[in-house]
Structures are given as structure tokens and as C-alpha cells.
Amino acid sequence: MFGIEIVGTGAYCPSLSVTNDDLAKVVDTSDEWIFSRTGIRSRRIANGEATWEMGAAAAEEALRSAGINGSEVGLIIDTTITSDFSTPSMACVIQSRIGAGNAAAFDLGAACSGFVYGLDAAKRYLQTDPELKYVLVVSNEKLSNITDYSDRSSCILFGDGAAAAVVTRSEKLYSSYIGANGNGAKFLYAKNHKVLHPFRTAETDSIETGEFANGSVFLFQDGKEVYKFATKALPSAAKKAAEKINMDINNIDWFIPHQANIRIIEAAAKNLGVPMDKFVVNIKEHGNTSSASIPIALHEAITSGQVKRGDKLCLVGFGAGLTLGAIITEY
Ligand code: COA
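Residues numbered from 1 in each chain as written. Predicted model: local features only at pLDDT ≥ 70, side-chain atom pairs only at ≥ 80, totals over all residues. Heavy atoms only, no water.

J.: Please clarify how the sheet that holds strand β13 (residues 323–330) should be interpreted in this entry.
T.: Whenever strands of a sheet pair, they do so through backbone hydrogen bonds, lying parallel or antiparallel. The four strands are arranged β8-β13-β12-β11 in an open sheet whose pairing can be described as mixed. Where the open sheet ends on each side, the last strands, each with one partner, are β8 (174–180) and β11 (254–257). Between one strand axis and the next, the sheet turns through 10° on average, direction left out of account. The sheet contact formed by strand β12 (residues 312–319) and β13 spans eight bridges and is antiparallel. Across the sheet, the residue bridging to G317 is G325, located in β13. Sheet contacts for helix α5 (residues 114–128): β8, β12 and β13; angle to β8, the most-contacted strand, approximately 125°. (Pairing = 2+ DSSP bridges. Helix = DSSP H or I, 4+ residues; strand = E, 2+ residues; numbered from the N terminus. Axes fitted to C-alpha atoms, helices over the stretch in contact; angles between N-to-C directions. Contact = heavy atoms within 4.5 Å.)

Following this line, the structure appears as C-alpha cells:
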């Protein structure tokens with residue numbers, strides 16, 4: 001089977017930890033409400049760090065853990081939705097920072113499914129380009145930049161952080177499924193700033209009316225619709241990836257899901273008929289860090305010894321788009 005090996009991982013989480021009690025000082029909420037509805041007690045928030053800096057720090061650790069130099073990386077895929085720039089890409093900025101001058105570099109936008117999409121793209125580049133040895137996937141998010149801290153139904157969910165993985169080709173187990181449903185784009189979005197210029201005569205952009213009328217530059221979500229989608233998307237993506245290789249889902253050692261809400265993860269586990277103790281969960285201390293959430297959980301599970309070489313993993317996510325995806329691979 002043509003697969004990948006994850007040869008190194010790294011993560012960077014800002015030192016500033018914002019607790020539920022801290023949030024209760026700025027919006028009408030409580031630790032009890034947030035923890036019981038989401039499983040979150042605190043989240044890290046960038047306090048001076050740029051998105052690219054968090055990504056570069058995670059990437060440097062991933063290179064060290066892989067035992068390679070930046071110059072050996074042939075491709076960098078960055079999966080952020082909170083880039084510091086419209087252009088250049090985060091991948092290019094990080095390429096310079098980590099001395100990866102031989103790498104092609106681009107950003108990929110799949111929101112919270114980004115790491116799954118990015119890793120799957122890495123596998124496909126490795127499969128088709130024999131010259132390529134190492135791909136670096138970086139997921140770095142500064143959701144505090146697009147979070148409305150006056151909206152208690154969303155600001156409690158999100159945190160900042162970054163993680164990265166170095167992958168190379170291998171004969172290990174591999175299957176993936178990636179999908180999207182653009183009809184649900186209206187349920188979870190953050191608009192760009194409206195730009196005024198001397199030639200604009202229309203008072204309103206088409207995006208300010210119709211299905212995207214809600215929301216400002218901050219993240220808008222219809223929590224109930226996203227919840228409904230998520231509870232179906234996680235099991236559906238995992239099952240589709242397993243079906244492609246006729247794998248019994250019970251043979252997976254660890255599910256590493258997108259950390260959006262503990263109740264979404266529990267519903268997915270129930271739907272799959274898999275016990276919760278097979279799910280890697282770190283939402284309590286991190287909240288939802290979008291595309292960084294799966295690789296932060298993966299990195300923490302590897303460094304704590306929870307995930308070991310030879311374990312069969314299912315990385316599974318969902319997010320804005322709406323997107324969903326799963327990768328089954330052996331660590
Ligand atoms: N503190 C206290 N009360 C809150 C609150 C908060 N932080 N946020 C909302 N409430 C209130 C609501 O105003 C509502 O009050 P009302 O009944 O008087 O109108 C009540 O709590 C219930 O709100 P509801 O929206 O039904 O709560 P919920 O159980 O659906 O949980 C979410 C809300 C956002 C936690 C949940 O819908 C969710 O997790 N959705 C998915 C979001 C997600 O994952 N987004 C990212 C995807 S990548």
C-alpha cells in the first residue's frame with residue numbers, strides 16, 4: 001500500500017491561558033455552563049505571537065523530532081484560516097524562517113478539516129513526485145483575531161495554537177476520505193474587511209445581503225446547524241475512509257478528532273460504536289483551535305506516550321465550508 005510515515009511532530013501553544021472564569025468577566029456566562037455544554041475549561045490565546053511565528057515554532061520542533069534540516073523539506077503546506085497576510089502565504093513566510101529554501105510552499109484553506117486535507121495532499125504529492133522526500137504540514141491558527149468577544153455563544157469555544165508534522169512516503173496502512181458541502185457555507189463564516197475606494201458606488205456588497213447577511217468580520221456561526229452537521233460528519237468521514245480499505249473501524253487504536261465540543265466527539269463515538277477511551281481528547285485545555293486542533297492532539301498523544309509506533313490512527317475532522325475528512329494511517 002502506498003502510504004505515509006509521520007516522522008516528526010511539533011506544537012506551539014501560547015503561554016497565556018484564558019479560563020472560563022476569565023471569560024465570565026467579559027460576557028454573561030459561567031464555568032459551569034461552558035464546561036457542561038462543551039467540555040472546555042480554558043484555551044490558549046496569542047499575546048503578541050503572529051500566526052506565522054506559532055507555525056514556525058511548531059515546524060522547527062517537528063524538524064528536530066524528525067532529525068532533518070529545513071533544507072531537506074521539498075514542500076510546505078500550511079492550513080491556516082487566520083493568516084497574518086492576504087499574501088504572501090504563511091507557508092512562504094515559514095519557509096524562510098526555518099531555512100527550507102528548497103521547498104515549494106502554499107496555503108490550503110479547508111478550515112478545521114485543514115490538517116486532514118493537508119496531510120492527504122502531502123501523501124498525493126509524495127506519491128506522484130519521486131524527487132520529493134519530506135513534506136511539512138503546518139497548521140497554525142490565531143482564532144482570537146476573528147473571535148467576537150461580545151458573543152457568548154461563540155467566544156467560549158475558540159483558542160490559538162499551532163502544530164506541524166513532517167511526513168515521508170512509506171508502505172504503511174493508508175486511507176483517506178475528504179469531502180465538502182458548500183450549501184452549509186452560510187452556517188460558519190468570517191468575512192474579510194469591507195474596503196472602501198473612490199470607484200465604489202454600490203452601498204452594499206452582494207455578500208452583505210442574502211445568505212451571508214449575518215455577521216461582521218468576526219466568525220459567525222449557527223451553532224445548532226454546525227452541531228448537527230458535525231455529529232454526522234465525524235462518523236461518516238471515518239467510516240468512508242475505513243470502507244475504502246475494507247477495514248473494521250474497531251481495529252483502529254486511536255481516533256484523533258477535531259476538538260470542537262466534547263458532546264460532538266461523544267456523539268461520534270456512540271454512532272461508530274467505539275468506546276470514548278479510544279478517542280484522544282485535549283479540548284479541556286485548548287478549546288477549538290481550528291486546523292491546529294487535530295495535530296496538537298496528535299503531538300501531545302505522541303509525546304505523552306499514549307500513541308506508539310505501530311498504532312493505527314484515524315484523524316478525523318469537520319469545519320467551515322462545510323468540510324469534512326478522515327485519514328487512517330499507522331503511526
Ligand atoms: N453562557 C451561558 N449561556 C449561554 C452561552 C454561554 N456562553 N451561550 C449560549 N447561551 C444560552 C443561549 O442564549 C440560550 O439561552 P436561551 O435558551 O435563553 O435562548 C441557551 O444558552 C441555550 O443555547 P443553545 O445555543 O441551545 O446551546 P447549545 O447547547 O446548543 O450549545 C454551542 C451552544 C455553541 C456550544 C453548540 O451549539 C455547539 O457546540 N455547536 C457547534 C459549534 C462548533 O463546533 N463550531 C465550530 C465548528 S469547527
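J.: What should I look at first to understand the environment of Y177 in this one?
T.: With respect to the helices and strands, Y177 occurs in strand β8. Expressed as a C-alpha distance, the spacing of Y177 and V166, which sit 11 residues apart in the sequence, is 20 Å.

J.: Whenever I open this one, the nonpolar core confuses me. Can you help?
T.: When a protein is soluble and globular, its nonpolar side chains tend to lie buried together. Formed by 47 residues in total, the largest nonpolar core has its most connected members in I249, F255, C314, F318 and I328. Only α7 (223–244), α8 (262–272), β12 and β13 provide two or more residues apiece to this core. The greatest single-element share of this core, amounting to nine residues, is contributed by α7. Among the domains, domain 1 (3–172) and domain 2 (175–185 + 216–330) are the pair contributing at least three residues each to this core. In this structure I328 touches L173, Y174, S175, A238, A241, A242, I245, M247, I252, L313 and C314, once residues within four positions along its chain are discounted. Core analysis: the next-biggest nonpolar cluster, separate from the first, contains 32 residues, I4, A121, V167 and A297 among them. (Core = buried A, V, L, I, M, F, W, Y, C linked by side-chain atoms within 4.5 Å. Buried < 20%, exposed > 50% of the residue type's maximum accessible area, 1.4 Å probe, protein only. Domains from an automatic or database assignment.)

J.: Any chance you could explain the site of the ligand here in plain terms?
T.: In the vicinity of the ligand there are 23 residues, among which T29, R37, Q221, K224 and N261 approach most closely. Within the side chain of Q221, a nitrogen or oxygen atom sits 2.8 Å from a nitrogen atom of the ligand. Its free accessible area being 960 Å², the ligand has 73% of it covered by the protein chains. Of all elements in the fold, only α2 (31–38), α6 (152–155), α7 and α8 reach the threshold of two or more residues within the shell around the ligand. No other element matches α7, which puts four residues into the shell around the ligand. When the residues that make up the shell around the ligand are grouped by side-chain class, the tally is 10 nonpolar, eight polar and five charged. (Near = heavy atom within 4 Å. Polar contact = N/O pair within 3.5 Å; in protein donor to acceptor, adjacent residues only side chain to side chain. Areas by Shrake-Rupley, 256 points an atom, 1.4 Å probe, with all protein chains shown as cover. Nonpolar A, V, L, I, M, F, W, Y, C, P; charged D, E, K, R; others polar.)

J.: Explain the packing of aromatic side chains here, please?
T.: The geometry of an aromatic ring pair is captured by two quantities: the separation of the ring centres and the angle between the planes. All chains considered together, the criterion is met by five aromatic pairs. Between Y189 and F212 the ring centres are 5.1 Å apart and the planes differ by 80°, which places this aromatic pair in the edge-to-face class. On the criterion of sequence distance, the pair formed by Y189 in strand β9 (residues 188–189) and F212 in the loop between β9 and β10 (220–221) is long-range, its members being 23 residues apart. Centroid distance Y189 to F220: 5.1 Å. Interplanar angle 40°. Geometry classified as tilted. (Phe/Tyr/Trp six-rings, centres within 6.5 Å; stacked < 30°, edge-to-face > 60°.)

J.: Whenever I open this one, the packing of helix α3 (residues 51–66) against helix α4 (residues 90–97) confuses me. Can you help?
T.: Any two packed helices are characterised by how steeply their axes cross, that is the angle between the axes, and by the distance between the axes. Orientation of α3 relative to α4, taken along the N-to-C sense of each, is 55°, at an axis distance of 9 Å. As far as their axial angle goes, α4 and α3 are oblique. Seen from above, α3 lies across α4 with right-handed handedness. For the pair α3 and α4, the contacting residues are T51, W52, G55, A56, A59 and E60 in the first and M90, V93, I94 and R97 in the second. (Parallel < 35°, antiparallel > 145°, perpendicular 65-115°, else oblique. Left-handed = near helix turned anticlockwise from the far one by under 90°.)

J.: Can you help me understand the pattern of salt bridges in this one?
T.: Two side chains of opposite charge can pair, provided their charged atoms sit close to one another. Summed over all chains, the structure comprises eight salt bridges. Note that D22 and K25 form a salt bridge whose closest N and O atoms lie 3.7 Å from each other. Residue R41 pairs with D31 through a salt bridge whose shortest N-O separation is 2.7 Å. One end of the pair, R41, is in the loop between α2 and β3 (42–44); the other, D31, is in helix α2, and 10 residues separate them in sequence. On the basis of relative accessible area, R41 is assigned to the partly exposed category, the value being 33%. Using a relative accessible area of 23% as the deciding quantity, one classes D31 as partly exposed. (Salt bridge = Lys/Arg side-chain N within 4 Å of Asp/Glu carboxyl O.)

By themselves these figures say nothing about function.
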